[in-house]
Structure formats: C-alpha cells, structure tokens
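# Reading the structure
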Amino acid sequence: MSGVVDARLAELGLTLPEVVPPLATYQPAVQSGVYVYTSGQLPMVEGKLPVTGKVGAEVTPEEAKELARTCALNALAAVKSLIGDLDRVARVVKVVGFVASAPDFTGQPGVINGSSELLGEVLGDKGVHARSAVGVAVLPLDAPVEVEIQAELTEA
C-alpha cells in the first residue's frame, strides 16, 4: 500500500476486495473525462452474497446497512481497478443506493448510510456526496442492497 487512501484503509482494518466480475454485459467502472462511474455494486464477499432477501423481512436494517458498506468498498475497488490510485479521487460526487424492500419498509436512507459513512471514513471530506436511496421490489441475485457511485478525479 502506498497512497494516503490505502493507508487510511489499512488504518480502518479494511482491504479492497477483488473487483466483482460483471454478472451481464457491462463494465464494473468506466471513465468519461474527469469522472468515473461505477456499475451497481452488490455486497459480494469472495464471489458470494452473504445474505439475500428483502430488507424489513428476511434482512434487518442493521444487516442491510453493513451490506451497504460492503457495496461501497466494492465500488472503491472498481474505481481503483480503473484509475490505479484512489488518491486521484478529488471527491465522490453522487451515490445511488437501491434497497430491496419489504412493502412496508421505509428506512432506505438509514440503510444507504452504510455506504455514505464508509466513503466518509475512507476519503474524509472527499467522500461527502449527493445521494439517492431508493426502495425497489427486487435486485439481482435477490441481493438486499446495490450501490453505484460517481467520482470526480484530479487532473492526472
């Protein structure tokens, strides 16, 4: 590990995972100008979903918040795989989080706070972003949470 962000990850006891291979025809992340956009990241750990189901039914909000942290870590891995060094991130501009929700579950923002908090812990002020937290009926592989990010890069 070499950069400031890598050192912060180590300090937090976090390791960036291998980039999750695409489940269909898309790239984990693409760059356009000074922006990197990630595809939706599921909370995969070593190639598997640790939990499946709807938040507010089979999955507790607390479990889902932790899964959202994993999604954000996977998104950072996708960004790093493309740009090589997370110190090039000038700021996370936008986070969009999807929560597979039981019909009466309305705590989507609290779940996606897991992603927002992780980005703040790792990137500091550069991790502060605009955000949407959306409840949906179902996500790929019956994942409880999916998160995508948009990051602005420093001029390289």
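In short, a report on the structure. (Residues numbered from 1 in each chain as written. Predicted model: local features only at pLDDT ≥ 70, side-chain atom pairs only at ≥ 80, totals over all residues. Heavy atoms only, no water.)

Moving on to helix α2 (residues 61-83). The terminal C-alpha atoms of α2, which comprises 23 residues, lie 33 Å apart, in line with the 33 Å expected from a rise of 1.5 Å per residue. Looking one or two places after α2, you find G84, whose phi comes out positive at around 85°. (Helix = DSSP H or I, 4+ residues; strand = E, 2+ residues; numbered from the N terminus. Expected span 1.5 Å × (residues − 1).)

Now for the nonpolar core. Counting residues in each nonpolar core, the largest one holds 36 residues, and the members touching the most others are V111, V145 and I149. Listed by contribution, the elements that provide at least two residues to this core are α1 (4-11), α2, β3 (89-100), α3 (108-123) and β5 (145-153). In terms of residue count, α2 provides more of this core than any other element does, eleven residues in total. Those residues in contact with I149 that lie beyond four places of it in its chain are V36, Y37, T38, A75, L76, V79, V92, K94, V95 and L119. Among the nonpolar cores identified, the runner-up in size contains seven residues, and M44, L49, A100 and L139 belong to it. (Core = buried A, V, L, I, M, F, W, Y, C linked by side-chain atoms within 4.5 Å. Buried < 20%, exposed > 50% of the residue type's maximum accessible area, 1.4 Å probe, protein only. Contact = heavy atoms within 4.5 Å.)

Once that is clear, we can look at unusual backbone geometry. Leaving glycine out, the prevailing phi sign among residues is negative, and the prevailing peptide bond configuration is trans. Phi angles above zero are rare outside glycine, and L141 is one such case at about 60°. As for its position among the elements, L141 is in the loop between β4 (130-136) and β5.

This next bit is on the side chain of N74. Checked against the element boundaries, N74 lands in helix α2. Note on N74: relative accessible area 3%, which makes it buried. Engagement of the side chain of N74 in a polar contact is seen with the backbone oxygen of L42, the distance being 2.9 Å. Within the structure, N74 has its side chain in polar contact with the backbone oxygen of M44 (distance 3.2 Å). Ignoring sequence-local partners within four residues, the contact set of N74 consists of P17, V20, Q41, L42, P43 and M44. (Polar contact = N/O pair within 3.5 Å; in protein donor to acceptor, adjacent residues only side chain to side chain.)

A few words on the pattern of salt bridges. Throughout the structure, instances matching the rule amount to six salt bridges. One salt bridge in this structure joins E11 and R8, with 2.2 Å as the shortest N-O distance. With a gap of three residues between them, E11 and R8 both fall in helix α1, about one helical turn apart. A residue is classified by how much of its surface remains accessible, and E11, at 60% relative accessible area, is exposed. Owing to a relative accessible area of 26%, R8 belongs among the partly exposed residues under this scheme. Where R69 meets E66, a salt bridge forms, and the shortest distance between an N and an O atom there is 3.8 Å. With R69 and E66 both in helix α2 and three residues apart, this pair spans about one turn of that helix. Its relative accessible area of 17% is what places R69 among the buried residues. Overall, E66 belongs to the partly exposed group, its relative accessible area being 47%. Here the residues in one salt-bridge network are E66, R69 and E121, joined through shared partners. (Salt bridge = Lys/Arg side-chain N within 4 Å of Asp/Glu carboxyl O.)

Attention now moves to the environment of L123. Topologically, L123 is positioned in helix α3. Between the C-alpha atom of L123 and that of V92, which follows or precedes it by 31 residues, the distance is 8.6 Å. Non-local contacts of L123, meaning those with residues more than four positions away in its chain, are made with V5, L76, V89 and V92.

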